[in-house]
Amino acid sequence: METCPVKIFRDLSELSKAGIDRPVCTIGFFDGVHRGHASLVADLLRWSTEIQGTPTVITFSNHPKEVTLGDAPAMLTPVEQRLEYLEKMGIEVVILLTFDEELSRWSPEKFVSHVIQDSLNCRHLLMGFDSAFGAGAQGNYEYLRGLDIESLDLRSSPPLLIEAESVSSSSIRRCIERGDLRRARRMLGRAYTLRGPVIQGDQRGRTIGFPTANLDPGPVLVPPVGVYFGHAILLKDSGEPLGESWPAAVNIGRRPTFGTPEAPEGTPFDPQLDRLEAHLDGFSGDLYGKNIELEFHRRLRGERKFSSLDSLTRQIVRDVESLRDWWTTFSSQNKP
């Protein structure tokens with residue numbers, strides 16, 4: 001089923017003229033837009049269909065913990081990617097607010113009154129199992145139900161469980177931090193991806209016959225130092241795929257063979273020390289300045305220091321041969 005283009009409002013003052021018909025709302029940061037979020041959105045869409053309303057998400061352009069705690073976890077998905085996924089799920093309206101000091105001090109009652117009822121004219125609110133808003137994150141489902149707010153129909157959506165664990169952004173983040181891409185994929189409902197522009201590297205890979213694209217992933221969570229299999233997709237400026245994809249061997253790390261200190265197993269990615277570089281098997285051409293998306297499917301091993309450039313080259317040959325074997329199997333199992 002074809003989805004309608006999502007309408008995005010970045011200021012509450014825009015809503016008075018928007019004329020959103022019977023908004024049915026939910027609220028959250030939606031980092032990762034994972035299978036738990038998909039379950040919540042499915043409940044929202046069903047309720048919207050019941051009353052012929054408009055499925056609406058209230059979210060934030062920045063992580064609330066940046067303001068409330070002074071620090072926030074690394075994001076799984078940048079804001080534009082979150083909006084893209086929400087649109088594909090069928091959300092028709094997104095209220096994208098900036099979370100600032102003033103908003104952090106609002107009580108749940110004030111947020112409901114000012115944002116949900118007055119600005120949005122919303123009378124139907126669906127809360128996720130871990131959704132909360134207002135000062136101190138007091139405004140969860142149980143708290144709001146106890147307020148018995150007049151003219152607000154309140155419902156809750158249960159957690160989605162995978163192997164007895166509630167699917168959440170935090171649980172996915174823990175999987176990626178330890179390199180458990182299989183479990184992260186199960187919770188996300190898709191492979192974990194990183195997007196960004198290809199930047200200038202030192203071109204060492206080209207001199208040994210394996211050119212790499214150095215990716216700047218931006219302020220998002222990067223898997224720990226190591227070697228990974230996945231595939232790369234060239235993107236338009238809009239973020240849409242151009243079409244063809246290539247199997248990719250991805251190295252995340254410090255390249256200790258060339259003199260930098262070796263990183264212990266499980267070392268987190270450090271943008272000041274580490275590189276994220278991908279060899280796109282079969283690709284020829286210039287990628288500098290272009291945007292690519294890397295899908296991470298399998299962690300092969302940690303980064304190792306080799307005794308010589310020849311030893312490193314022989315290992316890369318073996319890695320690329322393994323990549324081709326993996327790609328043959330992966331492609332046959334994931335035909336459209």
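Think of each chain on its own: its residues are numbered from 1, step by step along the sequence as written. Totals for whole chains, interfaces and linings use every residue, but because this is a predicted model, local features are given only for residues with pLDDT of at least 70 and side-chain atom pairs only at 80 or more, for both listing and counting. Each side-chain value is worked out from all heavy atoms of the structure, with water and hydrogens disregarded.

Caption draft 1: Structural context of the overall build of the chain. When helices and strands are tallied, the chain shows 10 helices and 14 strands. In this treatment the radius of gyration is a C-alpha quantity, and the globule benchmark scales as 2.2 Å times the residue count to the 0.38 power. Over its C-alpha trace the chain gives a radius of gyration of 22 Å, about what one expects of a compact globule, namely 20 Å for 336 residues. For the chain, the spread of C-alpha atoms along the three principal axes comes to 75 × 40 × 40 Å. Relative accessibility decides the category of a residue: with a 1.4 Å probe and only protein chains considered, values under 20% of the type maximum give buried, values over 50% give exposed, and everything between is partly exposed. In the chain, which comprises 336 residues, the proportion classed as buried is 49%. Counting from the N terminus, the helices are DSSP H or I runs at least four residues long and the strands are E runs at least two residues long.

Caption draft 2: Quick peek at the pattern of salt bridges. Basic side-chain nitrogens of Lys or Arg form a salt bridge, by our definition, when they fall within 4 Å of a carboxyl oxygen of Asp or Glu. By the definition in use, this model includes 17 salt bridges. For Asp180, the salt bridge is made with Arg178, and the minimal N-O distance between the two is 3.9 Å. On the accessibility criterion, Arg178 (51% relative accessible area) is exposed. Each member of the salt-bridge network shares a partner with another, and the members are Glu163, Glu165, Arg174, Arg183 and Arg186.

Caption draft 3: How the structure looks around the sheet that holds strand β6 (residues 153–156). For two strands to be treated as a pair, DSSP must find no fewer than two bridges joining them. Across the sheet, which stays open at both edges, the six strands sit in the order β1-β4-β3-β2-β5-β6 with parallel pairing between neighbours. What marks the edges here is a single partner per strand, and that holds for β1 (7–9) and β6. Taking the axes of each pair of neighbouring strands and ignoring which way they run, one obtains an average angle of 25 degrees across the sheet. Where strand β2 (residues 23–27) lies against strand β3 (residues 54–60), five bridges are found, and the strand directions are parallel. Residue pairing in the sheet places Val24 in a bridge with Pro55 of β3. Strands in contact with helix α1 (residues 35–51) are β2, β3, β5 (124–127) and β6; relative to β5, the strand with the most contacts, it is inclined by about 160 degrees. Lines fitted to C-alpha atoms define the axes, with helix axes restricted to the stretch in contact, and inter-axis angles between N-to-C directions lie between 0 and 180 degrees. A contact between two residues is defined here by any heavy atoms of the two lying within 4.5 Å.

Caption draft 4: Seen up close, the state of the cysteines. Any two cysteine sulfur atoms lying within 2.5 Å of each other are counted as a disulfide. Per the counting criterion, the structure on display carries zero disulfides. Cysteine Cys25 remains unbridged, with the sulfur of Cys122 as its closest cysteine sulfur at 3.3 Å. For Cys25, a relative accessible area of 0% gives the class buried.

Caption draft 5: The sheet that holds strand β9 (residues 192–199), seen in detail. Judged by pairing direction, the barrel is antiparallel, and its six strands sit side by side in the order β9-β10-β13-β12-β11-β14 before closing back on the first. Within the sheet, the average angular offset between the axes of one strand and its neighbour, ignoring direction, is 45 degrees.

Caption draft 6: Inspection of unusual backbone geometry at higher detail. Backbone geometry at Arg22 places phi at a positive 45 degrees, although glycine is not the residue there. Residue placement: Arg22 occurs in the loop between β1 and β2. For Gln52, which is not a glycine, the phi torsion comes out positive at approximately 55 degrees. Along the chain, Gln52 falls in the loop between α1 and β3.

Caption draft 7: Local environment of the nonpolar core. The set of buried Ala, Val, Leu, Ile, Met, Phe, Trp, Tyr and Cys residues whose side-chain atoms join them within 4.5 Å is what this entry labels a nonpolar core. Ranked by size, the top nonpolar core spans 62 residues in total, and within it Ile58 and Leu294 carry the most contacts. Other than its neighbours up to four places away in sequence, Leu294 contacts Tyr192, Thr193, Leu194, Leu215, His231, Ala232, Ala248, Val250, Leu276 and Ala278.

Caption draft 8: The arrangement of helix α3 (residues 79–89) in detail. Here α3 has its buried residues at Gln81, Arg82, Leu83, Glu84, Tyr85 and Leu86. Of the residues trailing α3, Gly90 is marked for its positive phi of about 110 degrees.

Caption draft 9: Seen up close, the pairing of β2. Of all five residues in β2, five are buried, a share of seventy percent or more. What you see with β2 is no split at all: Pro23, Cys25 and Ile27 on one side and Val24 and Thr26 on the other are buried throughout. Between β2 and its parallel partner β3, the chain crosses via α1, and the hand of that crossover is right-handed. In terms of strand pairing, β2 meets β5 through three bridges, oriented parallel. Note on β5: the bridge partner recorded for Cys25 is Leu125. Viewed with both strands pointing away, a crossover whose connecting path from the first strand over the helix to the second turns clockwise is right-handed.

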